[in-house]
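Per-entry structural report
Listed below are the residues making up each chain.
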Amino acid sequence: MNDAAFKTGTDRLAEVRRRIAEAARAAGREPASVTLVAVSKTHGADRVQELLDAGQRVFGENRVQEAEGKFPLLRARHPDLELHLIGPLQTNKTRDAVALFDVIQSVDRDRLAAILAKEMERGGRQLRCFIQVNTGEEPQKAGVLPADVDGFVAKCREAYKLPVVGLMCIPPVDEEPALHFALLAKMAARNGLGQVSMGMSADYETAIKLGATHVRVGTALFGARGT
Ligand SMILES: *Cc1c(COP(=O)(O)O)cnc(C)c1O
């Protein structure tokens, strides 16, 4: 069913990169304006290494502990590796997250923003932050509500001095993602934020068309995840 399963990681990476470049050019954008975040959650370090060998450097993980199990060694071999946290961050994991990651894409509440700022200060590391927006206003999903975004961005910048660079969203599975992508891009622009993280395996080309600077792609690179 899934012919991706019979391809190597290197082949899949080349294919995704080609499609990113095509989508960017079709939108009148430079392919280099889109960063591919390879989402390696549930996959072992050997699979990540295969993509590193093929030149990929930016990876995304959704759990601090899982990332701690595979990335320190990979980073020792590839100091230019860049690791993004894309999943919910519990405040008691903030110190570990600040020590390991380079970018936090899931800043979604006031208390987390405050503690992150404190831990960055303490650790002497400034991590670029994306504010996660719950564009679908789904009760079970993390993220700031659209109506609260402007105020929250301002507070993160002014009160906490967080290095906020952009917005991130995960649209509802059963809705047209383009509407959510357009909304996120608009909110980023009006807050003077140049980076927008949106689009996954099924819809990254649409996201690029609507201005994504970061696409988070797992399945199309690594194949299906076991459950
Ligand atoms: C798992 C995950 C992805 C990647 O999803 P695919 O459909 O496998 O590409 C992207 N973003 C977040 C936040 C994720 O948790």
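Now for a quick tour of the structure.

Rules and cut-offs
Residues numbered from 1 in each chain as written. Predicted model: local features only at pLDDT ≥ 70, side-chain atom pairs only at ≥ 80, totals over all residues. Heavy atoms only, no water. Core = buried A, V, L, I, M, F, W, Y, C linked by side-chain atoms within 4.5 Å. Buried < 20%, exposed > 50% of the residue type's maximum accessible area, 1.4 Å probe, protein only. Contact = heavy atoms within 4.5 Å. Helix = DSSP H or I, 4+ residues; strand = E, 2+ residues; numbered from the N terminus. Pairing = 2+ DSSP bridges. Right-handed = clockwise from strand over helix to strand, strands pointing away. Near = heavy atom within 4 Å. Polar contact = N/O pair within 3.5 Å; in protein donor to acceptor, adjacent residues only side chain to side chain. Areas by Shrake-Rupley, 256 points an atom, 1.4 Å probe, with all protein chains shown as cover. Nonpolar A, V, L, I, M, F, W, Y, C, P; charged D, E, K, R; others polar.

Membership of the largest hydrophobic core comes to 61 residues, with the highest contact counts inside it found for F101, L162 and L167. Contacts of F101, omitting those with residues within four sequence positions, involve E61, R63, V64, A67, R75, L83, H84, L85, R125 and L127.

Burial analysis of strand 1 (residues 35–39) places four of its five residues in the buried class, the great majority of the element. Bridge count for strand 1 against strand 8 (residues 214–217) is four bridges, and the pairing is parallel. Its bridge partner being in strand 8, T35 is matched across the sheet by H214. One ladder, built from two bridges, connects strand 1 with strand 2 (residues 58–61); its direction is parallel. Residue pairing in the sheet places V39 in a bridge with G60 of strand 2. A crossover links strand 1 with its parallel partner strand 2, the connecting element being helix 2 (residues 45–53), and its sense is right-handed.

On to the site of the ligand, then. All residues adjacent to the ligand are V39, K41, I86, I170, M200, S201, R216, V217, G218, T219 and R225. Separating an oxygen atom of the ligand from a side-chain N or O atom of K41 is a distance of 2.6 Å. G218 has a polar backbone atom sitting 2.8 Å from an oxygen atom of the ligand. For the ligand, whose accessible area on its own is 390 Å², the fraction buried by protein is 88%. Looking at the shell around the ligand, its residues break down into five nonpolar, three polar and three charged.

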